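Structural characterization, general
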Amino acid sequence: SNVAVNGGTITMNLSGKGSKGIKTDAAPIDIAGGNTTINLTGTSYYMVSSGDDADTTFATGVKSDSSIYISGGILNISNAGVAGKALSTDANIVISGGTNTFTTTGTPLTVNYDNNVSSAVKADKNIEISAGTTIINVGSKASGAKGLNADGNFTMTGGSVTVTDDALFSIYTASTGADTTFVAAVKAEGNINISAGKLTCTTTQSGKGISASGNTSLMTIGTTGADNANLTINVTTKPNTSYTYTT
């Protein structure tokens, strides 16, 4: 069954390996009220299946194999764990309200040539934001980390979102040699559609502000006949002057 948070006060301080604050498998998570605080510091946890295939799980504030819905309340998640996430889902993340603060500061971890990096908000499908106030902070040690990270589409039709990413890119050893995971305040493998709301993105160590990184990705800002007063986008990118990356 699904997990619903509609009121009350919840405080969690978690230090276990691969720990999760709120977790479901096939059921969605619905946060509509209350005051929830989740602090995580745990490192990764290695799991070995019966077939001797190693798998790794990382500390996450709210994790679901289904979708995560946030429509109200106060939600504060801070994750200092290795390659940690504040929100993570195998499906969609839908934010339609609430006052949300998500912070991730964990360093990356390479496992079997796969570079696992932190993301404050990570969806294997789509991220949709229509209302509420969301503040995202990525720490300087979280190399390669993303603020909002969608493998599908990113859509914003309202609300206020502020992303500050202080991380530098992450260089790691892949199966083909040295490779790099780059930083972005907002990243989508699919399309990016922003038609209303206020989006502020800041990267301070050579990261990208907004990145539509798929081979066929499209970025659309505004809609035909829309009121431009309802849409504000501010993007600030700053270089890291002590490290020069060359291709």
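First, a word on scope: everything that follows refers to the structure included in this document. (Residues numbered from 1 in each chain as written. Predicted model: local features only at pLDDT ≥ 70, side-chain atom pairs only at ≥ 80, totals over all residues. Heavy atoms only, no water.)

1. Some words on the side chain of T134
As a reminder, the rule being used: What counts as a helix is a DSSP run of H or I of at least four residues, what counts as a strand is a run of E of at least two, and both are numbered from the N terminus. Only protein chains enter the accessibility calculation, which uses a 1.4 Å probe; a residue is then buried when its area is under 20% of its type maximum, exposed when over 50%, and partly exposed in between. Within 3.5 Å is the distance limit for a polar contact, defined as a pair of N or O atoms, with the added protein rule that one can donate a hydrogen and the other accept it, and that residues adjacent in sequence qualify only through two side-chain atoms.
Take T134: it is sitting in strand β14 (residues 127–138). Residue classification places T134 among the buried residues on the basis of a relative accessible area of 1%. A distance of 3.3 Å separates the side chain of T134 from the side chain of N100, its partner in a polar contact.

2. Some points on the sheet that holds strand β6 (residues 60–64)
Quick reminder of the rule: A pair of strands counts as paired when DSSP detects no fewer than two bridges linking them. Axes, fitted as lines to C-alpha atoms, cover a helix only where it is in contact. Angles between the N-to-C directions of the axes lie from 0 to 180 degrees.
Strands sit in the order β2-β6-β9-β13-β15-β19-β21 across an open sheet of 7 strands; the sheet is parallel. Looking along the sheet, the strands with just one partner apiece sit at the ends: β2 (20–24) and β21 (208–212). Going from strand to strand, the sheet's axes swing by 5° on average, the running direction of each strand aside. Summarising the sheet, β6 and strand β9 (residues 85–89) pair through 4 bridges and their orientation is parallel.

3. Details of unusual backbone geometry
Even without being a glycine, A83 presents a positive backbone phi close to 50°. Mapped onto the fold, A83 is located in the loop between β8 (74–79) and β9. One non-glycine residue, S206, adopts positive backbone phi at about 70°. Here S206 is to be found in the loop between β20 (192–203) and β21.

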